[in-house]
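# Examining the three-dimensional arrangement
Read off the chains here:
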Amino acid sequence: MTKLTRTDFSDLDAKDTLAQWRGEFSLPPGVIYLDGNSLGALPKVTLARMQDVIAREWGEDLIKSWNTADWINAPSRAGDKIASLIGANPGEVVAADSTSVNLFKLAAAAVVMRPGRHKIITEPGNFPTDLYVLQGLKDYLGPDYILEVATREKIPAAIDKDTAVVVLTHVHYKTGLMFDMAAITRRAHEAGALMLWDLSHSAGALPVDLNGSDADLAVGCGYKYLNGGPGAPAFLFVAKRHQEAIKPPLSGWMGHAAPFAFSDEYTPAPGIRRNLCGTPSILGLAALETSLDLMVRVDMAELRKKSQKMGDLFIRLVEEKCGGHGFGLASPRDCALRGSQVSLTHPEGYAIMQALIARGVIGDFRAPDILRFGFTPLYLSYSNIWDAALILAEVMTGGLWRAEEFQKRAAVT
Ligand SMILES: Cc1ncc(COP(=O)(O)O)c(C=O)c1O
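## Examining the site of the ligand
- If you check the shell around the ligand, you find 14 residues, and the closest are Ser100, Asp198, His201, Tyr223 and Lys224.
- In this structure, a nitrogen atom belonging to the ligand sits 2.7 Å away from a side-chain N or O atom of aspartate 198.
- For the ligand, the accessible surface in isolation is 390 Å², of which the surrounding protein chains cover 84%.
- Breaking the shell around the ligand down by element, the ones donating at least two residues are α5 (99–113) and α6 (128–141).

## Some points on the pairing of strand β9 (residues 217–220)
- Every second residue of β9 is oriented toward a common face, with Leu217 and Val219 on one face and Ala218 and Gly220 on the other, all of them buried.
- Examined bridge by bridge, strand β8 (residues 194–198) and β9 share three bridges and lie parallel to one another. Residue leucine 196 lies in a different strand from β9, and its bridge partner there is leucine 217.
- As defined by bridge partners, β9 adjoins strand β10 (residues 234–238) across four bridges and the pair is classed as antiparallel. The residue bridging alanine 218 from the neighbouring strand is phenylalanine 237, located in β10.

## Concerning the sheet that holds strand β7 (residues 163–169)
- The mixed open sheet is built from seven strands, whose spatial order is β4-β10-β9-β8-β7-β5-β6. The sheet is open, and its two edges are formed by β4 (93–96) and β6 (146–149), each paired on a single side. Averaged over all pairs of adjacent strands, the angle between their axes in this sheet comes to 20°, without regard to strand direction.
- The sheet strands contacting helix α8 (residues 181–190) are β7 and β8, and the helix crosses β8 at an angle near 150°.

## Things to note about a nonpolar patch on the surface
- A surface patch of nonpolar side chains, about 510 Å² in accessible area, is lined by Ile54, Trp58, Leu62, Ile63 and Leu283.
- Within the fold, tryptophan 58 resides in helix α2 (residues 44–58).
- For tryptophan 58, a relative accessible area of 49% gives the class partly exposed.

Rules used throughout
Sequence order as written defines the numbering, with residues in each chain counted from 1. Where totals are concerned, whole chains, interfaces and linings use all residues; where local detail is concerned, this predicted model gives features only for residues with pLDDT of at least 70, and gives and counts side-chain atom pairs only at 80 or more. Water and hydrogen atoms were dropped before computing side-chain values, which therefore reflect all heavy atoms in the structure. Only heavy atoms are used to decide nearness, and a residue is near a molecule or strand if one of them lies within 4 Å of it. Counted as a polar contact is a pair of N or O atoms within 3.5 Å, where, for protein atoms, one must be capable of donating a hydrogen and the other of accepting one, and residues adjacent in sequence contribute only when both atoms are in side chains. Using a 1.4 Å probe, accessible areas were evaluated by the Shrake-Rupley method; residue-level cover was limited to the displayed protein chains. Secondary structure elements follow DSSP: runs of H or I no shorter than four residues count as helices, runs of E no shorter than two count as strands, and numbering proceeds from the N terminus. Each residue gets one of three labels from its accessible area relative to the maximum for its type: buried under 20%, exposed over 50%, partly exposed in between, using a 1.4 Å probe on protein chains only. Being paired, for any two strands, means DSSP has found at least two bridges between them. Angles run from 0 to 180 degrees between N-to-C directions of axes, and those axes are lines fitted to C-alpha atoms, restricted for helices to the stretch in contact. Contacts: residue pairs with any heavy atoms within 4.5 Å of one another. Patch membership is restricted to residues that have no salt bridge and whose relative accessible area is over 30%. Joining uses 9 Å for like charges and 5 Å for the nonpolar side chains Val, Leu, Ile, Met, Phe, Trp and Tyr. Any carboxyl oxygen of Asp or Glu that lies within 4 Å of a side-chain nitrogen of Lys or Arg is treated as forming a salt bridge with it.

As structure tokens, this is what we get:
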């Protein structure tokens, strides 16, 4: 294979049909941002929208804005926009709470929807919050319940007549390895179990087809590929066919059929809204919705193609330019099995990532040894990939990561 050159990358940029999106985002000069899988970049329109929601809707119109600015319907409005990105229908998604809380709400509801079944299945190495929430739920349910943590190969056989719900993350946070959503969902259904997907690393990163896969339930983050801002509201999906069967475990007033009737008795709202709990974060939803207005205009098939190409090129460049420096590939080489990230392993991964960040290439580190590079085709160029790999090669050949300042672990890695 002939070696890649910088011109290959500028040629790809010249033909890039998504190039115009880059101007929609605000990124500091000199930064190559490869961490949109953790915190998406700031859409330029969000600044103006936040100014408006704070100064006018809150500052001037005060509490009237619940009606005049329709704040009250923001969770469903944002939800409908997310629905269009994940293969769901309007009325099947709401934006609310955090992914962790939504996971608890839906996993707990799923167990109640499958009475007489005592098993929840997930996989080891799933994102910690998924494991912790399920461990907490199991303890809460009592000694009759089991949390089976089965490796990928063993999951199909672990799903049985006692399984209430299978909870998996579609794209793995460390490796980017993707599950076959339709196949695992089918297996869960064969045994009469429900399937709950965590789409945190999928929504806005690649085409997702929840209804095409017959999925029952899903949750996901608003602050990663959806660019909703730090701590943005998360989302949850309940397939239409299950909505009236859901008994919300957090039966708050915002999920009531008539919150402003102030009755003493809880009556769940019809449809997806019963999955809301308390007063929504309007500022968070305003930022999320603004970004979603931009995301819904993106051709997801084109985005996926560019993301796969970027990942493939990055792997090739790292192997060409950093061979012999001890990197391993933690992500699938086959881009059809990979989400929108490439993860490398290295025993000195933390210090190497800090040295990269100091040179403007921002990725992140996941213990014990993973360097994660996220590819967000809307605000990255192909030339960014070339530059990032070259800077990584400089960091390695110069041993720059050995500097004292890169050894000390910060609270967030
Ligand atoms: C797969 C997955 N689920 C959930 C979360 C986070 O959940 P929360 O927003 O509740 O902190 C993350 C965050 O990185 C994640 O990668």
